[in-house]
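Descriptive structure summary
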Amino acid sequence: MAQKNSWLQNILQILNHQDEKTVHNLRRFPPFQAFTDSDIQALAKRCHIRHFNGHEEIYAENSPSAAVYFIIYGSIGLYKKRRTSMTDRVQAIKAGQFFGESSLIQNLPRTHSAKALEKTQVIVLFQTDFKDLEFSHPRLALLILKLVTAKISRELQIFQTEFHELSNKVARDQLLD
C-alpha cells in the first residue's frame, strides 16, 4: 500500500511541477499578464507545453482544427498552397503571439499549414479543453474569446486596408492603359 501511495505521490508531484511551469509560461505571455492568479491556474490545468524543432510541422492544411497555440519563444510560419500546388509562406508569427484560434470558434479544417521556423516552445489549448473551460470557468473562456476576437478584428482591418490599396492600384493601372 505504501508503494502504491508513493507512486501516486510521484505522479502528483510531476503534474504539479508541469502546472507550475505552465503557469510561469502563461504569465510570460503578454495577453495573459492581466489575468488573475486563479484564472491562470485554471487555464494552466488545461494547457499543454509543446516543443518544436526548426522546420517541424505543427499541423497541415486541411487537417482538423484541434487547438490554439500561444508562442512562448521561437517563431512559426503559416503556409498556404496555391492552385499550382506551390506553397507560399503567408505569415510569420513570433513569441508573444498566437495562432490557430479559429479552432475555438468553429470546427472546420485548417486553411493553412503551420511549421516552426526555429526551435519553438508553445502552449497548446485544445478545443476539448477550451470547451471544458466554457462550462467550468465561463468568465475565463470569455476572456480568451475576447483575445481571439481582438486579433481577428485587427487582422480584418489590415486586410481591408490592403485590399482597398490594391483595388485603388488596379483602378489606376486600368485608367493608364
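Structural data are supplied above this passage.
Residues numbered from 1 in each chain as written. Predicted model: local features only at pLDDT ≥ 70, side-chain atom pairs only at ≥ 80, totals over all residues. Heavy atoms only, no water.

1. Quick word on the pattern of salt bridges
- Applying the stated rule across the entire model yields 5 salt bridges.
- Residues Glu61 and Lys80 are paired through a salt bridge, measuring 3.2 Å at the closest nitrogen-oxygen approach. Here Glu61 is found in the loop between strand 2 (57-59) and strand 3 (67-73), whereas its partner Lys80 is found in strand 4 (residues 75-81), with 19 residues between them in sequence.
- A relative accessible area of 16% means that Glu61 is categorised as buried.
- With its nearest N and O atoms 2.9 Å apart, the salt bridge here joins Glu101 to Lys151. Of this pair, Glu101 sits in the loop between strand 6 (98-99) and helix 3 (102-105) while Lys151 sits in helix 5 (residues 138-176), and the two are 50 residues apart along the sequence. (Salt bridge = Lys/Arg side-chain N within 4 Å of Asp/Glu carboxyl O. Helix = DSSP H or I, 4+ residues; strand = E, 2+ residues; numbered from the N terminus. Buried < 20%, exposed > 50% of the residue type's maximum accessible area, 1.4 Å probe, protein only.)

2. Side note on the packing of aromatic side chains
- Considering all chains together, one arrives at 6 aromatic pairs under this definition.
- Of the aromatic side chains, those joined through ring pairs into one cluster are Phe32, Phe35, Phe70 and Phe98.
- Taking the ring centre of Tyr59 as reference, the NZ or CZ of Arg110 above it sits at 4.0 Å.
- The lysine or arginine in question, Lys115, covers the ring of Tyr79, its NZ or CZ lying 5.7 Å from the ring centre. (Phe/Tyr/Trp six-rings, centres within 6.5 Å; stacked < 30°, edge-to-face > 60°. Lys NZ or Arg CZ within 6 Å of the ring centre and 35° of its normal.)

3. A look at a nonpolar patch on the surface
- Side chains of Leu156, Phe159 and Phe163 sit close together on the surface and give an oily, nonpolar patch of about 330 Å² of accessible area.
- Looking at where Phe163 falls in the secondary structure, it is placed in helix 5. (Patch = residues over 30% accessible without salt bridge, like charges linked within 9 Å, V, L, I, M, F, W, Y side chains within 5 Å. Areas by Shrake-Rupley, 256 points an atom, 1.4 Å probe, with all protein chains shown as cover.)

4. Comments concerning the sheet that holds strand 3
- Taken together, the 4 strands give an open sheet; going across it, the order is 1-8-3-6, and neighbouring strands pair in antiparallel fashion. A single partner strand is all that each edge strand has here, and the edge strands are strand 1 (47-52) and strand 6.
- Two strands pair when backbone bridges link them, and strand 3 and strand 8 (residues 120-126) are joined in this way by 6 bridges, in the antiparallel orientation. In the sheet register, Ala67 faces strand 8, and the bridge partner there is Phe126. (Pairing = 2+ DSSP bridges.)

5. Some details on the environment of Ile105
- Mapped onto the fold, Ile105 is located in helix 3.
- Separated by 40 residues in the primary sequence, Ile105 and Ser65 place their C-alpha atoms 9.8 Å from one another.
- The residues touching Ile105, leaving out its near neighbours within four places in the chain, are Leu145, Val148 and Ile152. (Contact = heavy atoms within 4.5 Å.)

6. Considering the packing of helix 4 (residues 127-136) against helix 5
- Across the interface, helix 4 lies against helix 5 with an axial gap of 5 Å and an inter-helix angle of 130°. Classified by the angle between their axes, helix 4 and helix 5 sit oblique to one another. Contact residues: helix 4 offers Phe130, Leu133, Glu134, Phe135 and Ser136, while helix 5 offers Pro138, Leu140, Ala141, Ile144 and Leu145.
- The residue inventory of the contact of helix 4 with helix 5, partitioned by class, reads 8 nonpolar, 1 polar and 1 charged. (Axes fitted to C-alpha atoms, helices over the stretch in contact; angles between N-to-C directions. Parallel < 35°, antiparallel > 145°, perpendicular 65-115°, else oblique. Nonpolar A, V, L, I, M, F, W, Y, C, P; charged D, E, K, R; others polar.)

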